[in-house]
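The primary structure of each chain is shown beneath.
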Amino acid sequence: MKHGRRILAVVPARSGSKGIPDKNMQQIAGRSLIALVGEVLNSPACDWIDRRIISTDSERYAEEGKKHGLDAPFLRPPELSSDTAGAVETLQHAVTEMERIDGVTYDVILIVEPTCPFRQPEDVNGVMDLLAATNAGSAVTVSRVDTKFHPHKVLRVSSDDVISFYAEAGAGVKQRQSLEPLFYRNGACYALTRACLMDEQRIFTTTTRAHLVERLLLNIDEPEEIVLARYYAETRHLPVGYKKPSA
Ligand SMILES: CC(=O)N[C@H]1[C@H]([C@H](O)[C@H](O)CO)O[C@](O)(C(=O)O)C[C@@H]1O
């Protein structure tokens, strides 16, 4: 419990990822992405989470989750494990199953995807505290958009290679320093009230708050990002997962 609310953390980890085969089992700093998220959710700073589960269609992923403190009370059905399955449906399924199994109602659902290996317990706490303090429908961790990818710098390329600005305002940009700061969701953590997920059936609402993370985080989609994550872990000694301090 935190802020008087009962909390369910869901780690969505379907198998069958196309971009990176077996993505969620890829190793960074000697542990799988599933292990890393399990470590963070079981860290002392996150001991307020009432239930930590992995939602997967794979027995092997379920076993890996269990080894790292994530329960796997059900396997996700195939229709919720395809490329086209949406996050909302998958999470609603997890909540329905867990409330049936546990016989309780969860007030807040945390979405903690394995694809963010540099996530730390403070990110999960930050998003949960913000949700409670603002009474928002949801709160989401974000990072700053690199100005190279700012919408006013982004181009369209037509089939005959002609360039146009994606946004009309792009034609007027003089220096990147003058661009409006923008943000993207970095995948470290989402916190949703039950009403937001189950009644409004969405992750973003008009009250959604942003918890800004200024540290370097990666959100792994492409094979190169696995290589990059290993490189950052080794050369920049970024904290990866959570390791108990040795006595
Ligand atoms: C909760 C949620 O919306 N998850 C979605 C994530 C996040 O948007 C991304 O990891 C940044 O957090 O992106 C996907 O993996 C994707 O685009 O393939 C789909 C997935 O449903």
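Anything mentioned here points back to the structure above.
In this text, all values refer to a predicted model and were calculated from it rather than measured experimentally. (Residues numbered from 1 in each chain as written. Predicted model: local features only at pLDDT ≥ 70, side-chain atom pairs only at ≥ 80, totals over all residues. Heavy atoms only, no water.)

Attention shifts here to unusual backbone geometry. A positive phi is found at Asp-161, a non-glycine position, where the angle reads about 65°. Note on placement: Asp-161 falls in the loop between strand 7 (155–157) and strand 8 (163–165). You can call Asp-161 exposed: its relative accessible area is 62%. The backbone phi angle of Gln-201 is positive, close to 60°, even though this residue is not glycine. Looking at the element boundaries, Gln-201 is found in the loop between helix 5 (194–199) and strand 10 (209–212). Relative accessible area serves as the criterion here: at 46%, Gln-201 is assigned to the partly exposed category. (Helix = DSSP H or I, 4+ residues; strand = E, 2+ residues; numbered from the N terminus. Buried < 20%, exposed > 50% of the residue type's maximum accessible area, 1.4 Å probe, protein only.)

Turning to the site of the ligand, a few remarks are in order. Around the ligand, the neighbouring residues are Ala-87, Glu-113, Arg-185, Gly-187, Tyr-190, Ile-203 and Asn-219. Between the ligand and Arg-185, the relevant distance is 3.3 Å, taken from an oxygen atom to a side-chain nitrogen or oxygen of the residue. The element that contributes the greatest number of residues to the shell around the ligand is strand 9 (residues 183–193), accounting for 3 residues. Partitioned by chemical class, the residues of the shell around the ligand number 3 nonpolar, 2 polar and 2 charged. (Near = heavy atom within 4 Å. Polar contact = N/O pair within 3.5 Å; in protein donor to acceptor, adjacent residues only side chain to side chain. Nonpolar A, V, L, I, M, F, W, Y, C, P; charged D, E, K, R; others polar.)

With that settled, consider the packing of aromatic side chains. The tally for this structure, following the rule as stated, stands at 1 aromatic pair. Cation over ring: Lys-2 sits above Trp-48, and NZ or CZ is 4.8 Å from the ring centre. (Phe/Tyr/Trp six-rings, centres within 6.5 Å; stacked < 30°, edge-to-face > 60°. Lys NZ or Arg CZ within 6 Å of the ring centre and 35° of its normal.)

This next bit is on the side chain of Lys-2. Its location among the elements puts Lys-2 in the segment before strand 1 (7–12). A relative accessible area of 15% places Lys-2 in the buried class. In this structure Lys-2 touches Ile-7, Trp-48, Asn-125, Met-128 and Asp-129, once residues within four positions along its chain are discounted. (Contact = heavy atoms within 4.5 Å.)

The subject of this paragraph is helix 4 (residues 121–134). Helix length check: helix 4, at 14 residues, gives a terminal C-alpha distance of 20 Å against a target of 20 Å (1.5 Å per residue), a fit within 8%. Among all positions in helix 4, only Pro-121, Asp-123, Val-124, Asn-125, Gly-126, Val-127, Met-128, Leu-131 and Ala-132 are buried. Directly beyond the C-terminal end of helix 4, a positive phi value near 55° is found at Asn-135. (Expected span 1.5 Å × (residues − 1).)

In terms of nonpolar packing, the biggest core is built from 27 residues, with Leu-41, Ile-49, Ile-54, Leu-110 and Val-124 touching the most fellow members. Counting only elements with at least two residues in this core, the list comes to strand 1, helix 1 (33–41), helix 2 (59–67), strand 5 (108–111), helix 4 and strand 9. If we skip the residues at most four places from it in the chain, Ile-54 touches Val-11, Ala-13, Ile-34, Tyr-61, Ala-62, Gly-65, Leu-70, Asp-71 and Ala-72. Counting 20 residues, the second-largest nonpolar core is a separate cluster that includes Ile-53, Val-88, Leu-91 and Tyr-190. (Core = buried A, V, L, I, M, F, W, Y, C linked by side-chain atoms within 4.5 Å.)

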